[in-house]
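Observations on the model geometry
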Amino acid sequence: MKVLVTAASRHGSTAEIARTVARHLADAGHDVDYRRVEDVDEVTAFDAVVLGSAIYAGRWLKSGYDFVERLGPELAAREVWLFSSGPLGDPPMPSEDVDISSVMVTTAARGHTVFPGCLDKHKLAYAERAVARALHAPVGDFRDWDAVARWSRHIAAEMSS
Ligand SMILES: Cc1cc2nc3c(=O)[nH]c(=O)nc-3n(C[C@H](O)[C@H](O)[C@H](O)COP(=O)(O)O)c2cc1C
């Protein structure tokens, strides 16, 4: 299948997860492109779309929601999977799922998963650093590459051949 993997990422760690998903899907035999959500104008060339976003303050990034608003009907006509990345620490917190029910409905997505994220305080803007400190957010890279590989293989197999 021709697959687009795209992500909304503020500091790059979600983009790295998306690129890794893209690599696993390609290894599984799909024809895969990776692009930032801001660089995608249409998805008509693709049979399936994998869309991810970082979570900030319990929500996806605006560029992720904008992508869905711009391309909703095109997305609903394709096979779509969603992922979010954010929870930090060991065990990763917060443990409750981000509410992206509106995105699920608009895209008619086949699935959604949440991956742990990465907090590099050197990359944060001053205000973000203050929020992260106030929340006692754990600093470090908690991304689970085995979980990313497992989920990628799972959706690769689900994609119609
Ligand atoms: C100010 C701030 C707020 C955050 N809020 C949340 C949150 O509500 N839920 C969550 O799971 N992660 C939250 N995170 C963690 C980020 O989602 C995590 O660092 C993610 O990997 C960042 O992705 P990016 O590098 O692609 O921007 C927050 C991080 C910062 C700095």
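Structure's up top.
Residues numbered from 1 in each chain as written. Predicted model: local features only at pLDDT ≥ 70, side-chain atom pairs only at ≥ 80, totals over all residues. Heavy atoms only, no water.

**Regarding the nonpolar core**
- V43, F67 and L82 are the most contacted members of the largest nonpolar core, which totals 23 residues.
- Breaking this core down by element, the ones donating at least two residues are β1 (2-8), β3 (48-56), α2 (62-76) and β5 (79-85).
- When residues of this core are assigned to their parent elements, the largest contribution, five residues, is made by α2.
- In this view, L82 contacts L51, W60, I100, V103, M104, T107, A109, G111, H112, T113 and W151; residues no more than four positions away in its chain are not counted.
- The next biggest cluster of nonpolar side chains, apart from the first, holds 20 residues, and it includes V5, A147, V148 and A156. (Core = buried A, V, L, I, M, F, W, Y, C linked by side-chain atoms within 4.5 Å. Buried < 20%, exposed > 50% of the residue type's maximum accessible area, 1.4 Å probe, protein only. Helix = DSSP H or I, 4+ residues; strand = E, 2+ residues; numbered from the N terminus. Contact = heavy atoms within 4.5 Å.)

**A word on the pairing of strand β6 (residues 111-115)**
- What you see with β6 is a clean split: G111, T113 and F115 sit on the buried side and H112 and V114 on the side with no burial.
- Across five bridges, β5 lies against β6 in parallel orientation. Note on β6: the bridge partner recorded for W81 is G111.
- Handedness of the crossover joining β5 and β6 through helix α3 (residues 101-107): right-handed. (Pairing = 2+ DSSP bridges. Right-handed = clockwise from strand over helix to strand, strands pointing away.)

**Let's talk about the site of the ligand**
- Lining the immediate environment of the ligand, one finds 22 residues, of which S9, S13, T14, I55 and Y56 sit closest.
- Between the ligand and G12, the relevant distance is 3.4 Å, taken from an oxygen atom to a main-chain nitrogen or oxygen of the residue.
- Interatomic distance of 3.4 Å between a backbone N/O atom of G86 and a nitrogen atom of the ligand.
- Relative to its free-state accessible area of 640 Å², the ligand is covered by the protein chains to the extent of 91%.
- At the level of secondary structure, the elements contributing two or more residues to the shell around the ligand comprise α1 (13-27), β3, β7 (118-119) and α4 (126-134). (Near = heavy atom within 4 Å. Polar contact = N/O pair within 3.5 Å; in protein donor to acceptor, adjacent residues only side chain to side chain. Areas by Shrake-Rupley, 256 points an atom, 1.4 Å probe, with all protein chains shown as cover.)

**Here we look at the environment of M104**
- In this structure, M104 sits in helix α3.
- Spatially, the C-alpha atom of M104 lies 8.1 Å from that of L82, the residues being 22 residues apart in sequence.
- Beyond its immediate chain neighbours, meaning those up to four positions away, M104 contacts L82, A109, G111 and H112.

**Let's talk about the packing of aromatic side chains**
- Summed over the entire model, instances satisfying the criterion amount to four aromatic pairs.
- Considering the side-chain rings of F83 and F115, the 5.7 Å spacing of their centres and the 55° angle between planes classify their relative orientation as tilted. One end of the pair, F83, is in strand β5; the other, F115, is in strand β6, with 32 residues separating them in the sequence.
- Its relative accessible area of 3% is what places F115 among the buried residues.
- Ring pairing ties together the aromatic residues F83, F115 and W151, which thus form one cluster. (Phe/Tyr/Trp six-rings, centres within 6.5 Å; stacked < 30°, edge-to-face > 60°.)

**Section: the environment of A108**
- As for its position among the elements, A108 is in the loop between α3 and β6.
- Taking the C-alpha atoms as reference points, A108 and A77, 31 residues apart in sequence, are found 8.3 Å from one another.

**What about the pattern of salt bridges?**
- Scanning the model with the defined rule gives nine salt bridges in all.
- Residues D33 and K2 are paired through a salt bridge, measuring 3.7 Å at the closest nitrogen-oxygen approach. One end of the pair, D33, is in strand β2 (residues 31-36); the other, K2, is in strand β1, with 31 residues separating them in the sequence.
- The exposure class of K2 is partly exposed, given its relative accessible area of 24%.
- Through salt bridges with shared partners, a single ionic network connects K2, D31, D33 and R35. (Salt bridge = Lys/Arg side-chain N within 4 Å of Asp/Glu carboxyl O.)

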